[in-house]
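Listed below, chain by chain, are the residues.
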Amino acid sequence: MLKMAQINSNYKKLPGSYLFSTIGKKVREYQEKNPGARIIRLGIGDVTQPIAPEIITALHKAVDEMGNPETFKGYAPDLGYEFLRSVIAKKDFIERGCEISPDEIFVSDGAKCDCGNIQEIFSLDNRVAVCDPVYPVYVDSNVMAGRTGEYDPAKECFNDVIYMPCLKENGFTPELPSKVPDLIYLCFPNNPTGAVIHKAELQKWVDYANEHGSIILYDAAYEAYISEDDVPHSIYECNGAKGCAIEFRSFSKTAGFTGLRLGFTVIPKELKAGGEALWPLWARRHGTKYNGAPYIVQKAGEAVYSENGRKQVREQIAYYMQNAGIILDGLAAAGYEVSGGKNAPYIWLKTPDDMTSWQFFDYLLEKAGVVGTPGSGFGPHGEHYFRLTAFGNRENTIEAIERIKSL
Ligand code: MLT
């Protein structure tokens, strides 16, 4: 019999399309049917403010360097340019008391890719734990790899994944799981709920992971939005975290790089799984499958840490957090049950009148022309919840809330 090429059938286990693609399609269809409607998008967490002037200057300079034979750059070094890795180590870690060295930092084109790819360096036998609701990339990338078992449509869960419910009752932070996972995905400040974890609480996770030989995959993409003390910016602020945790960071929400693409992953040299160091495996993967973020973008990243760069990106973050305040206050005044939005650019709200998340999505789109993200798209415990982002511009944010209030 003729042997035919076969697909990776794990992909067929994925229910539906990627959440934000589904939303994009629904909104396009609505717009086609209602060409006059002025839709306000507070769905996907995409920034709206332009890149800060200091960063633009660095980009222009780097572009000019690329046109000059003396300063032209070809392939970037495997881990990223030293100028960027050292400033990251100093400003994001050493200055916060975390001993991370530049060569423990792997520069990439964003945290989404790294969060999705990291599972490759772990055995397929590993048992994965995720929060529920959760950023879909953690689960879907493990489904693609074949680590999750079958999908149970009744439970809306994969059989071999440990789901850790994040509910109003536990402040939307998970409890330590009773069944011990090998890989634990945590994201704080949290996408989608906007919840945070305090340092003592995160320390419990680090201790648990060290005790059981689990690895924590810590997504800190929203750390720049932390406004309260005692909320850790990095998992390495906890004792012993270098022995059990990988951390992901992004320039997307910190400095508006969603279109430029830049992020990094921290893998401490001492970190081991099953007695084997993880750093060489990720270095090998990086070397084999990746050719680095562009020089000009890494130069732009360096400028984020300059005095002016920092000041300007902080102003942008403050602007988005003022939006978050407008959304929180406006919705609370209109009688909605709201949380998040204090140390994160996401507001998590309970749908009114027991509507499902998707019913509320349609209702808001049709009656108010506002796009948000249905909580159930992030997992079964997100049902009856809804996420709005603070990343709109001021005018749209105010108008969206006025429209919701007048429903
Ligand atoms: C989101 O809306 O959850 C984020 O924009 C997704 C991402 O950062 O990839």
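Since the structure is predicted, the reported quantities are computational estimates derived from the model, not experimental observations.

**Some remarks on the domain arrangement of the chain**
And step 1. Along its sequence, the chain is organised into domain 1 (14-50 + 308-405) and domain 2 (56-306).
And step 2. A separation of 25 Å is found between the C-alpha centroids of domain 1 and domain 2.
And step 3. Listed by partner, the interface residues are 33 residues for domain 1 and 39 residues for domain 2.
And step 4. For the side of domain 1 that touches domain 2, the secondary-structure elements that each account for two or more residues are α10 (307-333), β13 (338-340) and β14 (346-350).
And step 5. Top element by residues in the side of domain 1 that touches domain 2 is α10. It accounts for 7 residues.

**Quick notes on the environment of Asn159**
And step 1. Counting through the fold element by element, Asn159 comes out in the loop between β5 (157-158) and β6 (162-165).
And step 2. Sequence spacing of Asn159 and Trp279 is 120 residues, and the spatial spacing of their C-alpha atoms is 30 Å.
And step 3. If we ignore the near neighbours within four places in the chain, the residues touching Asn159 are Gly149, Glu150 and Asp152.

**Examining the sheet that holds β13**
And step 1. Taken in spatial order, the 4 strands of this open sheet run β13-β14-β17-β16, and their pairing is antiparallel. In this open sheet, the two strands that pair with only one neighbour each are β13 and β16 (373-374).
And step 2. Pairing geometry for β14 and strand β17 (residues 385-389), over 5 bridges, is antiparallel. Looking across to β17, one finds that Lys350 is bridged to Tyr385.

Conventions used here
- Residues numbered from 1 in each chain as written.
- Predicted model: local features only at pLDDT ≥ 70, side-chain atom pairs only at ≥ 80, totals over all residues.
- Domains from an automatic or database assignment.
- Contact = placed C-beta atoms within 7 Å.
- Helix = DSSP H or I, 4+ residues; strand = E, 2+ residues; numbered from the N terminus.
- Pairing = 2+ DSSP bridges.

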